[in-house]
Amino acid sequence: MPGPSHSSLSSHSFTWMEAREKAFRAVVSGTLNALSQHEALSLSLTAEDSQFVRFNNARVRQLGTVDDGTLQIRFMAHGRQIVADAPFTGDETTDLTRILALVAQCRKEASEQPEDPTTVLPSSTATSRAVTFGQVPSREGIARALLEHALGTDMCGLYAGGPIVRALADSAGQFHWFANESFFVDYSLWHSSGKAVKSGYAGTHWNDDAWHASLADARAQVSALDLPTRRVSPGTWRAFLEPAALSEILSMFSWNGLSERALRQKESAFLAMREGRQQLSPLFTLRESFLSGTVPRFTSEGDLAPEETLLIDKGTLVSGLVSSRTGKEYGIAHNGASAWESLRSPVVDAGTLSRAEAVARLDTGLWLPNLHYLNWSDVPNARITGMTRYACLWVENGKYQGPIADLRFDDTIYNVLGAQLEALTRERQLVPETGTYGARNLGGILLPGALVGGLRFTL
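Because the structure is a prediction, the values reported are computed rather than measured.

K.L.:
Tell me about empty space enclosed by the protein, residues and numbers included.
P.N.:
Counted under the stated rule, the structure contains two cavities of 30 Å³ or more. In terms of lining residues, the largest cavity is bounded by 16 residues, among which Ser182, Phe183, Pro432, Leu442 and Gly443 are the most central. The element contributing the most residues to the lining of the largest cavity is strand β6 (residues 175-190), with four residues. Per-domain counts for the lining of the largest cavity show at least three residues from each of domain 1 (6-224) and domain 2 (227-457). Here the second largest cavity defines a volume of roughly 40 Å³. Glu288, Ala305, Thr309, Leu321, Asn335, Gly336, Ala337 and Arg344 together form the lining of the second largest cavity. Residue composition of the lining of the second largest cavity, grouped by class: three nonpolar, three polar and two charged.

K.L.:
Explain the nonpolar core to me, and be specific about the residues and the numbers.
P.N.:
Ranked by internal contacts, the top residues of the largest apolar core, which has 50 residues, are Leu241, Leu250, Phe253, Leu258, Phe284, Ile413 and Leu417. A total of six residues in this core trace back to one element, the largest contributor, which is strand β20 (residues 444-457). In this view, Ile413 contacts Ile249, Phe253, Phe270, Leu280, Trp376, Ala382, Ile384 and Gly418; residues no more than four positions away in its chain are not counted. In terms of nonpolar packing, the next biggest core, distinct from the first, is built from 35 residues, Leu146, Ala150, Leu353 and Leu451 among them.

K.L.:
Requested: an account of the side chain of His372, with residues and values cited.
P.N.:
Structurally, His372 is set in strand β14 (residues 370-378). Reaching out from His372, the side chain makes a polar contact with the side chain of Arg389 at a distance of 3.1 Å. Ignoring anything within four residues of it in the chain, the contact list for His372 reads Gly386, Met387, Thr388 and Arg389.

K.L.:
Now, about the pairing of β6: what can you tell me, with residues and values included?
P.N.:
With 14 of 16 residues buried, β6 is to be regarded as a mostly interior element. As judged from the six bridges shared by strand β4 (residues 127-132) and β6, these two strands associate in the parallel manner. Across the sheet, residue Arg129 finds its bridge partner in β6, namely Trp177. Direction of pairing for strand β5 (residues 154-170) relative to β6: antiparallel, over a ladder of 16 bridges. What sits directly across from Gly161, in β6, is Phe183. Linking β5 to β6, which pair antiparallel, is a turn of four residues; within it Gly173 sits at a positive phi near 115 degrees. Pairing of β6 with strand β7 (residues 196-203), which is carried by eight bridges, proceeds in the antiparallel orientation. Across the sheet, the residue bridging to Phe183 is Gly203, located in β7. Between β6 and the antiparallel strand that follows it, β7, lie five residues; Gly194 among them carries a positive phi value of about 100 degrees.

K.L.:
Would you mind going over unusual backbone geometry in detail, with residue names and values included?
P.N.:
Phi at His78 takes a positive value of approximately 55 degrees, unusual for a residue other than glycine. Its location among the elements puts His78 in the loop between β2 (59-77) and β3 (80-87).

K.L.:
Explain the packing of aromatic side chains to me, and be specific about the residues and the numbers.
P.N.:
Evaluated as defined, the whole model comprises 17 aromatic pairs. Through successive ring pairs, a cluster of aromatic residues spans Tyr159, Phe183, Tyr187, Tyr201, Trp206 and Trp211. One Lys or Arg, Arg25, reaches over the ring of Phe175 and ends 3.9 Å from the middle of that ring.

K.L.:
Outline the state of the cysteines, listing residues and values.
P.N.:
Applying the stated criterion across every chain yields a total of zero disulfides. Of all cysteine sulfurs, the one in Cys156 lies closest to Cys392, which takes part in no disulfide; the gap is 17 Å.

K.L.:
Could you give an account of the domain arrangement of the chain, with specific residues and numbers?
P.N.:
Accessible area lost upon the coming together of the parts serves often as the stated size of an interface. Here the domain parsing of the chain yields domain 1 (6-224) and domain 2 (227-457). Distance from the C-alpha centre of domain 1 to the C-alpha centre of domain 2: 25 Å. Counting from both sides, the interface comprises 43 residues of domain 1 and, opposite them, 38 residues of domain 2. The junction of domain 1 with domain 2 conceals about 3,200 Å² of combined surface from both sides, 58% of it contributed by carbon and sulfur atoms. At the boundary of domain 1 and domain 2, one finds two salt bridges. Counting the contacts that link domain 1 with domain 2 gives 11 residue pairs in polar contact (both at pLDDT 80 or more). Contributions of two or more residues to the side of domain 1 that touches domain 2 are made by β1 (39-56), β2, β4, β5, β6, β7 and α4 (208-223). Each residue belonging to the side of domain 1 that touches domain 2 can be placed in one class, and the counts come to 17 nonpolar, 17 polar and nine charged.

K.L.:
Can you break down the environment of Gln420 residue by residue, with the values?
P.N.:
Its place among the elements puts Gln420 in the loop between α10 (413-419) and β19 (421-432). Overall, Gln420 belongs to the partly exposed group, its relative accessible area being 29%. Expressed as a C-alpha distance, the spacing of Gln420 and Ala405, which sit 15 residues apart in the sequence, is 24 Å. Once residues lying within four places of it in the same chain are set aside, the contact partners of Gln420 are Asn415, Leu451, Val452, Gly453 and Gly454.

K.L.:
Got a sec to walk through the environment of Glu427? Specific residues and values, please.
P.N.:
Looking at the secondary structure, you find Glu427 in strand β19. Here the alpha-carbon distance between Glu427 and Arg231, two residues 196 residues apart in the chain, equals 31 Å. Reaching out from Glu427, the side chain makes a polar contact with the backbone nitrogen of Arg355 at a distance of 2.9 Å.

K.L.:
Residue-level account of the pattern of salt bridges, with values.
P.N.:
All told, the structure shown has 24 salt bridges when counted by the stated rule. Between Glu260 and Arg264 there is a salt bridge whose closest N-O contact spans 2.7 Å. Of this pair, Glu260 and Arg264 are both found in helix α6 (residues 260-264), four residues apart, which corresponds to roughly one turn of the helix. The exposure class assigned to Glu260 is buried, which follows from its relative accessible area of 4%. Here Arg287 ties to Asp349 by a salt bridge, and the two come within 2.9 Å at their closest N and O atoms. With a gap of 62 residues between them, Arg287 in strand β9 (residues 286-289) and Asp349 in the loop between β12 (346-348) and α9 (358-362) connect regions that are remote in the sequence. Its relative accessible area of 24% is what places Asp349 among the partly exposed residues. The structure contains a network of salt bridges with shared partners spanning Glu21, Arg25 and Arg129.

Thresholds applied
Residues numbered from 1 in each chain as written. Predicted model: local features only at pLDDT ≥ 70, side-chain atom pairs only at ≥ 80, totals over all residues. Heavy atoms only, no water. 1 Å grid on protein atoms, 1.4 Å probe; cavity = no way out; pocket = protein on both sides within 12 Å on 5 of 7 lines; lining within 4 Å. Points joined across faces, edges and corners; volume = space filled by probe spheres on them. Helix = DSSP H or I, 4+ residues; strand = E, 2+ residues; numbered from the N terminus. Domains from an automatic or database assignment. Nonpolar A, V, L, I, M, F, W, Y, C, P; charged D, E, K, R; others polar. Core = buried A, V, L, I, M, F, W, Y, C linked by side-chain atoms within 4.5 Å. Buried < 20%, exposed > 50% of the residue type's maximum accessible area, 1.4 Å probe, protein only. Contact = heavy atoms within 4.5 Å. Polar contact = N/O pair within 3.5 Å; in protein donor to acceptor, adjacent residues only side chain to side chain. Pairing = 2+ DSSP bridges. Phe/Tyr/Trp six-rings, centres within 6.5 Å; stacked < 30°, edge-to-face > 60°. Lys NZ or Arg CZ within 6 Å of the ring centre and 35° of its normal. Disulfide = S-S within 2.5 Å. Buried area = accessible area lost by both parts, 1.4 Å probe. Salt bridge = Lys/Arg side-chain N within 4 Å of Asp/Glu carboxyl O.

Below, the structure is given as structure tokens:
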């Protein structure tokens, strides 16, 4: 496969990552040496050197770089803990001075707090190191890489790319270091009608051919917006969920879904699955996988997840997401889940349906590239509600017939990914995390598209 025509010089990323690791190790050493015998502490780092480009009408409107970092400490003493953070500059003296002052402040605040019996003290001496160098567009070539094949369109969106670091060390001796180069393009192609096709491209190695293919696919969908808008009546319709739409449904699994704490407290939408009263389709398998190297295996609490954890196997719930705090509370082993017990690096197994054949297999129904505003409408029955969004299309006899007016759906996951799931595509797409508030988010959801025999629409 052809490589990128505008790749970055890895020497810049290597130098940047190396300098951050050296500074972080120095701060860790100085901070741990300042602790007294009865105190414990973990220290984590979030840092990035990102290039951002905002564009519309296929023209650059704003660009810039962000070289930033944050240090967070979790200070523990006498069954109490305090969490606080400070800026990370990369200057060892400045950063250590700030953290030592923060430790002194936490020491005072902790003495005034009530004891927390579920505080988990650092105990592991595990270490890990994962460094992945990618190929992202150079800062001089980013505009050409992004826009030369989009000229003549009303393309708007955001590009972000560059090296990212996540690290953690603690007083028990753990040290985890994660660094990679990655990028994402979150974009829309707008039609004169005011509707748009939303799409994206993400990864660690930029490839011109893959980017151009994404644009070509979005352009093909935009052409369908020339047709009159169709108002579809409420009812149950066949539907094809593209990966971005399916990812919105998967995100609900992190809201009182697969959390072991929520399952044990009977607040989970999947309690019926845990108790054997419901299951999903045998076509559906979900795992938490860190094999791609896009998300660190360690959590902000210092827990190290397995490389893979099988959560739902052929429709059957086999494991919840168990944090160390939940493990301590219920006397069970944790599996490296975060404190929120949400999905961090979910992967859905591929199916056998070719995406090229999906429209024909759909025959008559709704083609759904995007969904939004999802929420639980009936938690005990795993029922969700949400809206169609962007260029959702009506399909008839295997042909696009034009865009639809927005619809609200309300259906149970046990139908959508259970009894009504007819097929998953063999092609999968990484739907990236595109949040940039405070720091660039990592990872995303790797998943196929889904053909659903019946999705219930109410408005």
